[in-house]
Amino acid sequence: MCGRYGFGNPARLGTLPLGVTFPGLPARFNVAPSQAVPLVLHDRGERQGLMARWGLVPFWADDPAIGNRLANARGETVATKPSFRGAFKSRRGIMPADLFYEWQVLAGQKVKQPWCIRMADDRPFAMAALWERWVPKTQPDADPLLTCCLITTDPNSTMVPLHDRMPVILHEEDYAEWLDPATPPALAQRLIRPFDGPMRAYPVSTVVNTPRNEGETCAAPLTSFPSTRADTD
DNA sequence: CCAGACGTTGTT
DNA sequence: GTCTGG
DNA sequence: CCAGACGTTGTT
DNA sequence: GTCTGG
C-alpha cells in the first residue's frame, strides 16, 4: 500500500509534462489520507489541476466516510471492483509527487521501519490515480466533493526488500493515454505495472509515523542505516 | 422480488 | 450504480 | 499508512 | 480488537 507521500519541491511538479501547475502549493513531506492533494485530471475536454481529498468516495456512496478506507485501489482488480470500476473507465487521474513512504516489517520485530522512496535523480513523478465527484443525495445542489485514490501494483526491485506493494508510477510518454477518458480500459490496464526506472530508497525516523508531524525532518535520512539504489529495475 | 454491500493493508 | 445473497 | 479513540444523558 | 480521522 502507499499511505503516505510528499512533494518537497512543489514548484518542480510543474516541470512534469502535464500541462498544469499548482501555484502557491506549499511543500509537504507527510501527506496522509483525507488531506487535500494536487490532482491532474482530464474533464470536459481539458486538462485540469485541482486540489482533491485523498480517499475515493464513489458517486453512489451514502456516507463520504467510506473514503477513509479507499486511499488505495489494487491495480489487479480496479477494473471490476464496484467501488473503482466506474472511475477506472473514465475518471483516471494523476497525483504528482516527489517522494513516498513505505513501512518495512522486519522479521521478529514488532516495530516497523519507515523508508522514503524517490526517483534516483530526485525528479518528481506521476502516480496513477482515480477520481470522483461526490454530492450528498440529501443536498443535490451542494458543491461536489472531489476525491481521489492511488493505484497500487507489485513492487519493483527497489521496493521488494521493503514492501509487497508500491504505487503505480507512469512514464511521461503515457500521461496522455492514461488521462484520456476515451482510452479503452484494456489499454489503461497495460500501464498498471511496477515502475522500471531507477529509484532510491533510504530509511527515515519514526517522526513520519504521526500524521500531524510535517516538514523536511519527515524525509531526512537516518544516517545509521544503509540506503539502497537501483540504477535499473 | 428487496436488502445490503461495495475496500486495502497487514496479521492471524 | 450494480451485483450478490436471501 | 499510523495514531487515537472506543459512551450516554442532560445541560451550558 | 476495530474503527475513525489525519
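Keep in mind it's a predicted model, so treat the numbers as computed, not measured. (Residues numbered from 1 in each chain as written. Chains lettered and ligands numbered in written order. Predicted model: local features only at pLDDT ≥ 70, side-chain atom pairs only at ≥ 80, totals over all residues. Heavy atoms only, no water.)

A. Structural view of the protein's contact with DNA strand C. In the region of DNA strand C, the neighbouring residues are F59, W60, P82 and R85. When the atoms of DNA strand C within 4 Å of the protein are sorted by group, sugar and phosphate make up 38%. Split by residue class, the surface near DNA strand C holds three nonpolar, no polar and one charged. (Near = heavy atom within 4 Å. Nonpolar A, V, L, I, M, F, W, Y, C, P; charged D, E, K, R; others polar.)

B. Region of the structure containing the pairing of strand β7 (residues 99–105). Extensive coverage of β7 is indicated by the burial of six of its seven residues. Alignment of strand β1 (residues 5–7) against β7, held across two bridges, turns out to be antiparallel. Residue pairing for β7: G6 is matched across the bridge by L99. Direction of pairing for β7 relative to strand β8 (residues 112–119): antiparallel, over a ladder of six bridges. Directly across from W103, in β8, lies its bridge partner P114. From the end of β7 to the start of β8, which pair antiparallel, there are six residues, and G108 there has a positive phi angle of about 75°. (Buried < 20%, exposed > 50% of the residue type's maximum accessible area, 1.4 Å probe, protein only. Helix = DSSP H or I, 4+ residues; strand = E, 2+ residues; numbered from the N terminus. Pairing = 2+ DSSP bridges.)

C. View of the nonpolar core. Within the largest apolar cluster, 58 residues are counted, with the highest numbers of intra-cluster contacts made by Y5, L39, I94, M95, F100, L130 and W178. Sort the elements by how many residues they give to this core and strand β9 (residues 125–134) lands first, with seven residues. The contact partners of W178, leaving out residues within four places of it in the chain, are F88, R92, G93, I94, A128, A129, I151, L170, A188, L191 and I192. Counting residues in each nonpolar core, the second largest holds 10 residues, with L99, W103, C116 and A219 among its members. (Core = buried A, V, L, I, M, F, W, Y, C linked by side-chain atoms within 4.5 Å. Contact = heavy atoms within 4.5 Å.)

D. Region of the structure containing the layout of surface pockets. Taken as a whole, the largest pocket encloses approximately 200 Å³ of empty space. Forming the walls of the largest pocket are 14 residues, and the residues nearest its centre are M119, R123, P124, E172 and F195. A breakdown of the residues in the lining of the largest pocket according to their chemical character gives nine nonpolar, two polar and three charged. (1 Å grid on protein atoms, 1.4 Å probe; cavity = no way out; pocket = protein on both sides within 12 Å on 5 of 7 lines; lining within 4 Å. Points joined across faces, edges and corners; volume = space filled by probe spheres on them.)

E. The pattern of salt bridges, seen in detail. Considering all chains together, one arrives at 11 salt bridges under this definition. Its salt-bridge partner being R123, residue E172 comes within 3.0 Å of it at the nearest N-O pair. With a gap of 49 residues between them, E172 in the loop between β12 (169–170) and α3 (175–179) and R123 in the loop between β8 and β9 connect regions that are remote in the sequence. Residue class for R123 comes out partly exposed when judged on its relative accessible area of 35%. Notably, a salt bridge pairs D154 with R165, separated by 3.5 Å at the nearest N-O pair. On the criterion of sequence distance, the pair formed by D154 in the loop between β10 (145–153) and β11 (166–167) and R165 in the loop between β10 and β11 is long-range, its members being 11 residues apart. Given a relative accessible area of 7%, R165 falls into the buried group. Through salt bridges with shared partners, a single network forms among R74, E76, D154 and R165. (Salt bridge = Lys/Arg side-chain N within 4 Å of Asp/Glu carboxyl O.)

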